[in-house]
Amino acid sequence: MVEDRLLLLVEDDAAFARTLKRSFERRGYRVLHATSGEEVQLLLTQHRPQYAVMDLKLAGNASGLNCVQMLHLHNPDALIVVLTGYASIATAVEAVKLGACHYLAKPSNTDDIEAAFGRVEGRTDVEVSSQTTSIKTLEWEHIHETLAESGFNISEAARRLGMHRRTLQRKLQKRPVRR
């Protein structure tokens, strides 16, 4: 059974989740909230949300990409927006491949998310920047991709990157990974 305006919010930051939930409820959505893949799986046995907002990184180093895939398999028509505090090209591509309709960097608000629900098809009029990506940005994207591939295990990511674990930790302290 498809429930109109039912939104699944997957976010482990309690304050941010509470703010988004209230904001969406004021806009006429019925909001289900989950903080983990297990909770998402349980909710999907009883509900069929048409909309979803997924945090990319959940507590315990869990990936929101698993939740995207789970919801997309459950309801291929669901409009899924992935939110992240540390956007990268690699995770954006994977999110879309797994069924997300859009990918937004935090901080994003309800207006941004609702607009993303309305932009499910690609656009050809997006300006292509002539500016090349900086080495620091490329390095950060590579670090983030390796972290994601290693399940956010710092020691394993450092090994794969060919750097000392403490060096990676220092880099992450300078530019923390936000959930």
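Before reading on, note that the structure itself is shown above.
Only a predicted model underlies this, so the values are computations on that prediction, with no experimental measurement involved.

**Q** Hey, could you run me through helix 5 (residues 110–118) in this one?
**A** Because an α-helix packs 3.6 residues into every turn, residues spaced three or four apart end up facing the same way. Taken together, the buried positions of helix 5 are occupied by Thr110, Ile113, Ala116 and Phe117. Buried residues in helix 5, looked at end-on, bunch into an arc of 125°, giving them a common side. Elements that come into contact with the buried residues of helix 5 comprise strand 1 (6–10), helix 1 (14–26), strand 3 (51–55), strand 6 (79–84) and strand 7 (102–105). A side-chain oxygen of the first residue of helix 5 lies 3.0 Å from the backbone nitrogen of Asp111; this N-cap is Asn109.

**Q** When you look at the sheet that holds strand 2 (residues 30–34) in this model, what are you seeing that I'm missing?
**A** Sheet strands pair via backbone hydrogen bonds, and the direction of the pair is either parallel or antiparallel. Pairing is parallel in the open sheet, where five strands are placed in the order 2-1-3-6-7. At either margin of the open sheet sits one strand with a lone partner, and together these are strand 2 and strand 7. Averaged over all neighbouring strand pairs, the angle between strand axes comes to 20°, with direction disregarded. Here strand 1 pairs with strand 3 via four bridges, running parallel. Of the residues in strand 3, the one forming a bridge with Val10 is Met54.

**Q** Any chance you could explain the packing of aromatic side chains here in plain terms?
**A** Aromatic ring pairs are defined here through the distance separating the ring centres and the angle between the ring planes. Scanning the model with the defined rule gives three aromatic pairs in all. Between Tyr29 and Tyr51 the ring centres are 5.4 Å apart and the planes differ by 85°, which places this aromatic pair in the edge-to-face class. Of this pair, Tyr29 sits in the loop between helix 1 and strand 2 while Tyr51 sits in strand 3, placing them 22 residues apart in sequence. Residue Tyr29 is classed as buried on the basis of its relative accessible area of 6%. Note on Tyr51: relative accessible area 18%, which makes it buried. Relative to Phe117, the ring of Tyr51 has its centre 4.9 Å away and its plane inclined at 55°; by these criteria the two rings are tilted. Of this pair, Tyr51 sits in strand 3 while Phe117 sits in helix 5, and the two are 66 residues apart along the sequence. Members of the aromatic cluster, joined through ring pairs, are Phe24, Tyr29, Tyr51 and Phe117.

**Q** What exactly am I supposed to notice about a positive patch on the surface here?
**A** On the surface, a cluster of positive charge is made up of Lys136, Arg165, Arg166, Arg170 and Lys174. No other element matches helix 8 (residues 165–174), which puts four residues into the positive patch. Inspection of the secondary structure puts Lys136 in helix 6 (residues 135–149). Given the relative accessible area of 67%, Lys136 is considered exposed.

**Q** So what exactly am I meant to see when it comes to the packing of helix 6 against helix 8 here?
**A** Helix-helix packing is characterised by the crossing angle of the two axes and by the distance between the axes. Between helix 6 and helix 8, whose axes approach to 12 Å, the crossing angle comes to 115°. The crossing of helix 6 and helix 8 is left-handed. The residues of helix 8 that touch helix 6, namely those facing Glu139, Trp140, Ile143 and Leu147, are Leu168, Lys171 and Leu172. Broken down by class, the residue content of the contact of helix 6 with helix 8 amounts to five nonpolar, no polar and two charged.

**Q** Would you mind going over the pattern of salt bridges with me for this structure?
**A** Note on pairing: side chains with opposite charge can pair once their charged atoms come close. According to the stated counting rule, one finds seven salt bridges in the structure shown. Measuring nitrogen to oxygen at the nearest pair gives 3.6 Å for the salt bridge that ties Glu94 to Lys97. Residue Glu94 and its partner Lys97 are located together in helix 4 (residues 89–97), separated by three residues, close to a single helical turn. By relative accessible area, Glu94 is classed as partly exposed at 33%. Glu156 is the salt-bridge partner of Arg159, the closest N and O atoms lying 2.5 Å from each other. On the criterion of helical spacing, the pair formed by Arg159 and Glu156 is a turn pair, its members being three residues apart in helix 7 (residues 154–161). By relative accessible area, Arg159 is classed as exposed at 56%. Note on Glu156: relative accessible area 21%, which makes it partly exposed.

What counts, and at which threshold
- Counting from 1, residues in each chain are numbered in the order their sequence is written.
- Local features are withheld for residues below a pLDDT of 70 in this predicted model, meaning they are given only at 70 or higher, and side-chain atom pairs are given and counted only at 80 or more; totals for whole chains, interfaces and linings count all residues.
- Side-chain calculation: all heavy atoms of the structure are included, whereas hydrogens and water are not.
- Using a 1.4 Å probe on the protein chains alone, a residue whose accessible area is under 20% of its type maximum counts as buried, one over 50% counts as exposed, and one in between counts as partly exposed.
- Secondary structure elements are defined from DSSP: runs of H or I of at least 4 residues count as helices, runs of E of at least 2 residues count as strands, and each element is numbered from the N terminus.
- This arc is taken over the directions from the axis of the helix to the C-beta atoms.
- What makes two residues a contact is simply this: any of their non-hydrogen atoms within 4.5 Å.
- For the purposes of these results, a polar contact is taken to be a pair of N or O atoms within 3.5 Å, where, inside protein, one atom must be able to donate a hydrogen and its partner to accept one; residues adjacent in sequence count only when each atom of the pair is a side-chain atom.
- Whether two strands pair depends on DSSP finding at least two bridges between them.
- To define axes, lines are fitted to C-alpha atoms, for helices over the stretch in contact only, and angles between the resulting N-to-C directions are given on a 0 to 180 degree scale.
- When the centres of two rings from Phe, Tyr and Trp lie within 6.5 Å, Trp using its six-membered ring, the rings pair. Their planes under 30 degrees apart give stacked, over 60 give edge-to-face, and anything left gives tilted.
- The patch calculation keeps residues exceeding 30% relative accessible area without a salt bridge and links them within 9 Å when they carry like charges or within 5 Å when they are nonpolar (Val, Leu, Ile, Met, Phe, Trp, Tyr).
- Using a 1.4 Å probe, accessible areas were evaluated by the Shrake-Rupley method; residue-level cover was limited to the displayed protein chains.
- Any Lys or Arg side-chain nitrogen found within 4 Å of a carboxyl oxygen on Asp or Glu counts as a salt bridge.
- For the charge count, each Lys or Arg is scored as positive and each Asp or Glu as negative, with His and the chain ends excluded.
- Lysine's charge is taken at NZ, arginine's at CZ, aspartate's at CG and glutamate's at CD.
- Rotating anticlockwise by less than a right angle from the far helix to the near helix defines a left-handed crossing, while the corresponding clockwise rotation defines a right-handed one.
- Residues are grouped as follows: nonpolar covers Ala, Val, Leu, Ile, Met, Phe, Trp, Tyr, Cys and Pro; charged covers Asp, Glu, Lys and Arg; every other residue, Gly included, is treated as polar.

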